[in-house]
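Residue-level structure breakdown
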Amino acid sequence: MNAELGQADRGVDPVLEAKDLVKHFPIQRGVVVKRTVGHVQAVDGVDLKLYPGKTLGVVGESGCGKSTLAKLLVGLESPTSGSIKLQGKEIGNLSNRRMRPFRRDIQLVFQDPYTSLNPRLTVGDIVGEPFEIHPEVVPRAKRAGEVKELLDMVGLSPDHVNRYPHQFSGGQRQRIGIARALALRPQVLVCDEPVSALDVSIQGQVINLLERLQNELGLAYVFIAHDLSVVRHIADEVAVMYLGKVVEQGTGPEIYDHPRHPYTQALLSAVPVPDPDLRGQRDEIVLQGDVPSPIDPPSGCRFRTRCWKATDHCAEEVPSLDVGDNGTHPTACFYAEERDVTHAVK
Amino acid sequence: MSELTAPTPTAERQASLWSDAFRTMRKRPDVIIASLVLLFVFAMAAFPSLFTDQDPTVCFGRDAKQRPGTWFTGEHPLGTDAFGCDFAATLVHGTRPTIALALSVIVASVVVGLILGILAGYYGGWLDTLISRALDVFIVIPMLMGAVLILSLFRGRVSTDTLAETIAVPFLALSLFGWMEFCRYTRAATLETKNLDYVVAAKCLGASDRRIMFKHILPNAIVPVTAVVPTTIGGIIVTEAALAVLGIGVQPPATSWGVLLSKGTEWAGGGYVYLFAWPLGLLILTVFAFATFGDALRDALDPKLR
């Protein structure tokens, strides 16, 4: 499967690469003797490549496996099958202890800044914890200075080290979370909906901060969100997920202006139109029914139960990402066709 | 980016749960009274010579059963007991075993409960099953009954030479049946905390299990546990007294409030009510103080009430 899109990056090795990544959670019944009665197919065959200094956006609705993907990438869950390579080294099947040195290179930014900081630790302790866990990174004497530098880097006053998280606003807390993730100077930051819990005005500030940090430190981001406009703003490439699979992948303009997969089209057409005069003037697609259960996903194409183009062929064969790629970008649909759903016209 | 220029801290108050709780409690009159009572009792346990200048082991038969004619003055301010020992001295010196037993039992119970609870909650699986089932077994046996059984085994075989020997067996029996409540609270708090984002963040940074348990989970688990500690101390003091009255707790000639109560009952009917009333009053006052303190602490530590 070819998902190499950053044309400018050909020749550069990806910093993070996932191949055919699968995560199935067993559903167990029984009190004493556990038996597996099924699997939640949270992530089912995801490929992605992330190049240094680039941002890969992952979008999709709730329950499509975005957060599981994030946990797999940072090594909080071990994949059922498939491989994850960080700078060319396989990390997918490592034990906790052997994973430790790699954790310095890939870190996670959380969605909810109110639960991601320990309320009983001061900001200095929170941001300094990575140095205590990896004592070889910075000598003890220099740690306090390093923490202050990190706070300064994310736009907080270094004088705040002795304060507790509850004394900060949501945006400031998210900055603390970012400072903690940056402490070990990682190459890759996996951001799991980093701005979803924030006010719109604060979202902008945090997005700008992330962009500035990317320029200064050469970070690569996996940016997971359900807000399409935020992803469009920050991402170089976008992958659209549905029920554990990537259905379409491409650069921002390819996805947003020339969507080819029916699901992407439906997703984009659901974005509200800001201009009240143009409301209702746009090609709107309203999907029928609900997302099928990931315990028992439909055969063939997973979107077929809600798709207006579905035929018997969709039920029999699983469309690969190459199938709908008519020289433009990977789309997992047998009947991929561009449709303008984003531009409203009078 | 107005948010970046954070306002200069107006009130640089390091508000934390504990300091807030302390502030709340400091203002309550019932807490102040309870604290004074507890201070008095602890002082008696630590420095008995401050309260009486007589030796409770020096007894003269000819002085036996002197009622306290002149209150709080004279040679025997609270009279003497059936063997002619000074009752005030006996009472004051009986405080130490009572308090030492209660405190050591609570420390052991809390430590055991915390460790087992955090292990069960954090690791889950077979370890959780094992600890939880053991918990169920110990919970269905009432503390008093379990202690009676254990103490009956050792009855009459313990020396009472030193404080440690005096309280060792009751300590074992009461600790064995005292840890369950703390274990349950800790397990519940651990289960609640271990999936929070900040614990996941620590895991993501590569923190060891021990670090996560002691730095991130324990500080949260300790709050609900702390709130029940004073009340439980009160309960232990009462149980100790009950065991002594049954004749199997702290063994005479060593004294504790329970032993004094037990001896007092023999003479109370014969007109020597003070031998019974003084230890009982002291016991009730202390337990009441612990209960009041515990109640206030629970309120102060409950964020929903603030």
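Anyway, here's the lowdown on the structure attached to this text.

What counts, and at which threshold
Residues numbered from 1 in each chain as written. Chains lettered and ligands numbered in written order. Predicted model: local features only at pLDDT ≥ 70, side-chain atom pairs only at ≥ 80, totals over all residues. Heavy atoms only, no water. Helix = DSSP H or I, 4+ residues; strand = E, 2+ residues; numbered from the N terminus. Rg over C-alpha atoms; globule rule 2.2 N^0.38 Å. Contact = heavy atoms within 4.5 Å. Areas by Shrake-Rupley, 256 points an atom, 1.4 Å probe, with all protein chains shown as cover. Lys, Arg positive; Asp, Glu negative; His and termini not counted. Charge placed at Lys NZ, Arg CZ, Asp CG, Glu CD. Pairing = 2+ DSSP bridges. Axes fitted to C-alpha atoms, helices over the stretch in contact; angles between N-to-C directions. Buried area = accessible area lost by both parts, 1.4 Å probe. Salt bridge = Lys/Arg side-chain N within 4 Å of Asp/Glu carboxyl O. Nonpolar A, V, L, I, M, F, W, Y, C, P; charged D, E, K, R; others polar. Parallel < 35°, antiparallel > 145°, perpendicular 65-115°, else oblique. Left-handed = near helix turned anticlockwise from the far one by under 90°. Phe/Tyr/Trp six-rings, centres within 6.5 Å; stacked < 30°, edge-to-face > 60°. Buried < 20%, exposed > 50% of the residue type's maximum accessible area, 1.4 Å probe, protein only. Lys NZ or Arg CZ within 6 Å of the ring centre and 35° of its normal.

Quick look at the overall build of chain A now. Counting its regular elements, chain A contains ten helices and ten strands. A globule of 346 residues ought to have a C-alpha radius of gyration of about 20 Å, and chain A, at 21 Å, matches this closely. The long-range share in chain A, meaning contacts at least 24 apart out of those at least 6 apart in sequence, stands at 67%. Total accessible area computed for chain A in this model is approximately 15,100 Å², and 48% of it derives from carbon and sulfur atoms. When the 39 basic and 45 acidic side-chain charges of chain A are each reduced to a single mean position, those positions are 8 Å apart.

It is worth spelling out the sheet that holds strand β5 (residues 89-90) of chain A at this point. All names here are of chain A. The strand order β2-β1-β4-β5 describes an open sheet built from four strands, whose pairing is antiparallel. Strand pairing shows two members of the sheet lacking a second neighbour, β2 (35-50) and β5, which therefore form its edges. Here strand β4 (residues 81-86) pairs with β5 via two bridges, running antiparallel. Note that in β5 the partner of Leu86 across the bridge is Lys89. Strands in contact with helix α1 (residues 66-73) are β1 (16-29), β2 and β4; relative to β1, the strand with the most contacts, it is inclined by about 115°.

Across the boundary between the two partners, chain B contributes 29 residues, which contact 35 residues of chain A. Together chain B and chain A conceal approximately 2,800 Å² of surface at their shared face, both sides included; 53% is due to carbon and sulfur atoms. Put simply, chain B and chain A have three salt bridges between them. The residue B:Arg211 makes a salt bridge to A:Glu129 at a minimum N-O spacing of 3.0 Å. For the side of chain B that touches chain A, the leading source of residues is helix α8 (residues 197-204) of chain B, giving seven residues. Among the residues making up the side of chain B that touches chain A, the classes are represented as 16 nonpolar, six polar and seven charged.

Attention now goes to the packing of helix α3 (residues 123-133) of chain A against helix α9 (residues 209-245) of chain B. If you want to describe how two helices pack, look at the angle between their axes and the distance between the axes. Direction vectors running N to C along α3(A) and α9(B) enclose 160°, while the axes themselves pass 13 Å from each other. By the angle between their axes, α3(A) is roughly antiparallel relative to α9(B). In this structure, α3(A) meets α9(B) at a crossing whose hand is right-handed. Between α3(A) and α9(B), the contacting residues are A:Glu129, A:Glu132 and A:Ile133 on the first element and B:Arg211, B:Lys215 and B:His216 on the second.

Below, the discussion takes up the packing of aromatic side chains. For the structure shown, the criterion picks out seven aromatic pairs over all chains. Measuring from centroid to centroid gives 5.2 Å for B:Tyr122 and B:Tyr123, while their planes differ by 85°, and the two rings are edge-to-face. For B:Tyr122, a relative accessible area of 9% gives the class buried. Relative to B:Trp179, the ring of B:Phe138 has its centre 5.5 Å away and its plane inclined at 65°; by these criteria the two rings are edge-to-face. Of this pair, B:Phe138 sits in helix α4 (residues 125-140) while B:Trp179 sits in the loop between α6 (163-176) and α7 (180-193); the two residues are 41 residues apart in sequence, bridging distant segments of the chain. Grouping aromatic residues by their ring pairs yields a cluster made of A:Tyr242, A:Tyr263 and A:Phe303. A cation over an aromatic ring shows up here: A:Arg163 above the ring of A:Phe168, its NZ or CZ 5.9 Å from the ring centre.

All names here are of chain A. The strand order across the open sheet formed by six strands is β6-β7-β8-β3-β9-β10, and the pairing between neighbours is mixed. Edge positions in the open sheet fall to β6 (106-109) and β10 (245-251), since each of these has one partner strand only. Direction aside, neighbouring strands of the sheet carry axes that sit 20° apart on average. Across five bridges, the pairing between strand β3 (residues 55-59) and strand β8 (residues 220-225) is parallel. Bridge pairing in β8 places Gly57 opposite Phe223. Set on the sheet, helix α5 (residues 170-182) makes contact with β6 and β7 (188-192); between it and β6 the angle comes to about 170°.

Turning to the environment of A:Ser67, a few remarks are in order. All names here are of chain A. Examined against the element boundaries, Ser67 turns out to sit in helix α1. Overall, the relative accessible area of 33% leaves Ser67 in the partly exposed class. Remark: the alpha-carbon pair of Ser67 and Arg173, spanning 106 residues in sequence, is separated by 20 Å.

Residue and element names in this part refer to chain B. Put simply, α4 and α7 touch, their axes get as near as 10 Å, and they point 145° apart. Read as a crossing pair, α4 and α7 show a hand that is left-handed. Residues Asp128, Ile131, Ser132, Leu135, Phe138 and Ile139 of α4 form the contact with α7, whose own contacting residues are Met180, Cys183, Arg184 and Arg187. Its residues assigned to classes, the contact of α4 with α7 shows six nonpolar, one polar and three charged.

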